[in-house]
Amino acid sequence: MSSQQSSNQKIRLGIPKGSLQDATITLFAAAGFKIYANGRSYFPSVDDPELECMLIRAQEMARYVEQGVLDAGLTGLDWVVESGRKVESVCDLIYAKQSRGTVKWVLAVPEDSTVLRAEDLAGKIIATELVEVTKNYFASRNVPVQVDFSWGATEVKPPMLADAIVEVTETGSSLRANRLRIVETVLESNTQIIANLKAYANDWKRQKIDNIALMLQGAIAAQGRVGMMLNVRQKDLQAVLSVLPALNSPTVSALSNSEWVAVNTIIEETVVRDVIPRLKAAGGTGIVEYPLNKVVM
């Protein structure tokens, strides 16, 4: 495809509106894409002329991607499964609104409930936003229940409006605050990039979507990590290497003075305060810690 042809193409990209919006825009910024959203417009601007962004609720993203309204979008695995829509799963993006991890949809009951497992809820009412997944969860266990859609504030419904709930949680704090106890995990979920099947079959669009995925994954991989470089005498090299909890094997490079080498590596930021004094004691000098924007494996 010529550069002129590709310059006329765009990717229509769905950004999740709501709880993940700010975290997603921040992640895109770390990946090199500046998205500017104001409070009124559903069409944020972006500094990439090959992208058109639209804010869409995560619950609806798979529908619009399947229909081709969007070429690709970011949404949770939970909402893809719930929708039953046929889309291409491009990659996982392990980030959430509060933490660097997955979220869980859990079956929860009041703290003083006698329920210990899903089977104990036969004939009971379950409130949730994740209706189809919840129905399938109980059906797979041959447990007859009534699953009611919850429009929100699901945690406050037991025991008066429901016997149990299936609700999403990252930390469990909201459930505990409402005196609820987790019985089982129904589904683990994380954000994904999904693509329209026809769009992903187009060579240019597939490459563009894959490039975006690569940069986002690189930005996520850099979170909580730093680079570190130092010099060390050859005779002290093994002592220094034994200190480093490297992401991969550290890079060791020769210096103009053959008695010395340079060491470059990536480590978790949380261990830096312990590692640097040990590196110094092992013979490292000129120790430099530097921030990372992206780590592409």
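This is a predicted model, so every value here is computed, not measured. (Residues numbered from 1 in each chain as written. Predicted model: local features only at pLDDT ≥ 70, side-chain atom pairs only at ≥ 80, totals over all residues. Heavy atoms only, no water.)

## Some thoughts on the sheet that holds strand β12 (residues 191–195)
- Spatially, β4-β1-β5-β12-β6 is the arrangement adopted by the 5 strands of the open sheet, whose pairing is mixed. Each edge of the sheet is formed by a strand with only one pairing partner; in this case those strands are β4 (51–57) and β6 (88–93). Between one strand axis and the next, the sheet turns by 30° as a mean value, whatever way the strands run.
- For strand β1 (residues 11–17) and β4, the ladder comprises 7 bridges, and the chain directions are parallel. The partner of I15 across the bridge, within β4, is L55.
- In the packing of helix α3 (residues 58–67) onto the sheet, contacts are made with β1, β4, β5 (72–76) and β12, and the angle to β4 comes to roughly 130°. (Pairing = 2+ DSSP bridges. Helix = DSSP H or I, 4+ residues; strand = E, 2+ residues; numbered from the N terminus. Axes fitted to C-alpha atoms, helices over the stretch in contact; angles between N-to-C directions. Contact = heavy atoms within 4.5 Å.)

## A closer look at the confidence of the model for the protein
- For the protein, the average pLDDT comes to 92, and 95% of its residues sit at 70 or higher.
- A low-confidence stretch, residues 1–5 (pLDDT under 50), is modelled with 3 contacts involving residues beyond four sequence positions or located in other chains. (pLDDT = per-residue confidence, 0-100.)

## Quick notes on the side chain of T24
- By the secondary structure assignment, T24 is in helix α2 (residues 21–31).
- For T24, a relative accessible area of 0% translates into the label buried.
- For T24, the residues in contact, after removing those within four places along its chain, are I15, P16, L74 and Y95. (Buried < 20%, exposed > 50% of the residue type's maximum accessible area, 1.4 Å probe, protein only.)

## Focus on unusual backbone geometry
- A cis amide bond links P158 with the next residue in sequence, P159, at an omega value of 0°.
- Relative to the elements of secondary structure, P159 occurs in the loop between β9 (146–149) and β10 (164–169).
- Residue A153 is not a glycine yet carries a positive backbone phi of 50°.
- Within the element layout of this structure, A153 appears in the loop between β9 and β10.
- Despite not being glycine, R179 has its phi angle at roughly 60°, a positive value.
- With respect to the secondary-structure elements, R179 resides in the loop between α6 (173–177) and β11 (180–189).
- The exposure class assigned to R179 is exposed, which follows from its relative accessible area of 59%.

## Section: the pattern of salt bridges
- All chains considered together, the criterion is met by 13 salt bridges.
- Taking the shortest distance from any N to any O, the salt bridge between R12 and D71 comes out at 3.6 Å. Taken together, the positions of R12 in strand β1 and D71 in the loop between α3 and β5 put the pair 59 residues apart, joining distant regions of the chain.
- Classification of R12 by relative accessible area gives partly exposed; the value is 30%.
- For E111, the salt bridge identified is with R179, shortest N-O distance 4.0 Å. Of this pair, E111 sits in the loop between β7 (103–110) and β8 (125–128) while R179 sits in the loop between α6 and β11, and the two are 68 residues apart along the sequence.
- For E111, a relative accessible area of 42% corresponds to the partly exposed category. (Salt bridge = Lys/Arg side-chain N within 4 Å of Asp/Glu carboxyl O.)

## Side note on the nonpolar core
- With 30 residues, the main nonpolar core has F28, I193 and L216 as its most contacted residues.
- Among residues more than four places away in sequence, those in contact with L216 are L27, F28, A31, L74, L93 and I193.
- V115, L121, V133 and V186 belong to the second largest nonpolar core, which has 19 residues in total. (Core = buried A, V, L, I, M, F, W, Y, C linked by side-chain atoms within 4.5 Å.)

## Some points on the sheet that holds strand β16 (residues 285–291)
- In space, the 4 strands of this open sheet follow the order β14-β15-β13-β16, with antiparallel pairing throughout. In this open sheet, the two strands that pair with only one neighbour each are β14 (251–254) and β16. Within the sheet, the average angular offset between the axes of one strand and its neighbour, ignoring direction, is 20°.
- Note: strand β13 (residues 225–233) against β16, 5 bridges, orientation antiparallel.

## Some words on the packing of aromatic side chains
- Scanning the model with the defined rule gives 4 aromatic pairs in all.
- An angle of 85° between the planes, with centres 5.3 Å apart, marks the rings of Y137 and F138 as edge-to-face. Each member of the pair, Y137 as well as F138, is classed as buried.
- Taking the ring centre of Y42 as reference, the NZ or CZ of K17 above it sits at 5.0 Å.
- The aromatic ring of Y64 is capped on one face by R63, whose charged end is 5.1 Å from the ring centroid. (Phe/Tyr/Trp six-rings, centres within 6.5 Å; stacked < 30°, edge-to-face > 60°. Lys NZ or Arg CZ within 6 Å of the ring centre and 35° of its normal.)

## Some remarks on the state of the cysteines
- Taken as a whole and judged by the stated rule, the model has 0 disulfides.
- Cysteine C53 shares no disulfide, and the gap to the nearest cysteine sulfur, in C91, comes to 16 Å.
- You can call C91 buried: its relative accessible area is 10%. (Disulfide = S-S within 2.5 Å.)

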